[in-house]
Amino acid sequence: MDVVNLAEKLTLVPELWSPHIVAELNEMQFKVARVEGDFIWHQHDETDEAFLVVAGELHIDLPERTVTLGPGELFVVERGVRHRPRSPEGASIVLIEPRGVVNTGEEGGDLTAANDRWI
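Values in this document were obtained by computation on a predicted structure and should not be read as measured data.

Attention now goes to the environment of Glu97. One can find Glu97 in strand β7 (residues 84-98). The class for Glu97 is buried, based on a relative accessible area of 1%. When the C-alpha positions of Glu97 and Leu10 are compared, they lie 18 Å apart, and in sequence the two are 87 residues distant.

The following block contains the structure:
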């Protein structure tokens, strides 16, 4: 059991939109990622997904609205809800989701990150 310094771990993330695990709690993983630009529209049919902003600003487009998060703010996208994260200026985030979740859901594509990578 070690203390996790999120700012330090974020400096080790090699590329954008590439979540890396920093801790687990039961079956839940805490993943850090650096993001910039637009991600793809996708959904997770089996699980909710939480976004916590560490630095910068993150927009989460939903079918009916856009949620904007700043540092220290958290938002949970409920299972089955189509969404698209984006950050025009860049942001550092923590994702909280069950072990094994694929970042692009069923959409796949070039932005699909390798799963279960620790940093």
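To continue, consider the pairing of strand β6 (residues 74-77). Within a regular strand, the side chains alternate between the two sheet faces. Of the two faces of β6, the one holding Phe75 and Val77 is buried and the one holding Leu74 and Val76 is not buried anywhere. Bridge count for strand β3 (residues 49-56) against β6 is four bridges, and the pairing is antiparallel. Residue pairing in the sheet places Phe51 in a bridge with Phe75 of β6.

To continue, consider the nonpolar core. Counting 16 residues, the largest nonpolar core has Val35, Phe51, Leu58, Ile60, Leu69, Phe75 and Ile93 as its most contacted members. For this core, the secondary structure elements donating two or more residues are β2 (28-38), β3, β4 (58-61), β5 (66-69), β6 and β7. Per-element tally for this core: the top contributor is β7, with three residues. What Ile60 contacts, discounting residues up to four positions off in sequence, is Phe51, Arg65, Thr66, Val67, Leu69, Phe75, Val77, His83, Arg84 and Pro85. If you look at the next biggest cluster of nonpolar residues, it comprises seven residues, including Leu10, Val13, Val22 and Val94.

About the criteria used
Residues numbered from 1 in each chain as written. Predicted model: local features only at pLDDT ≥ 70, side-chain atom pairs only at ≥ 80, totals over all residues. Heavy atoms only, no water. Helix = DSSP H or I, 4+ residues; strand = E, 2+ residues; numbered from the N terminus. Buried < 20%, exposed > 50% of the residue type's maximum accessible area, 1.4 Å probe, protein only. Pairing = 2+ DSSP bridges. Core = buried A, V, L, I, M, F, W, Y, C linked by side-chain atoms within 4.5 Å. Contact = heavy atoms within 4.5 Å.

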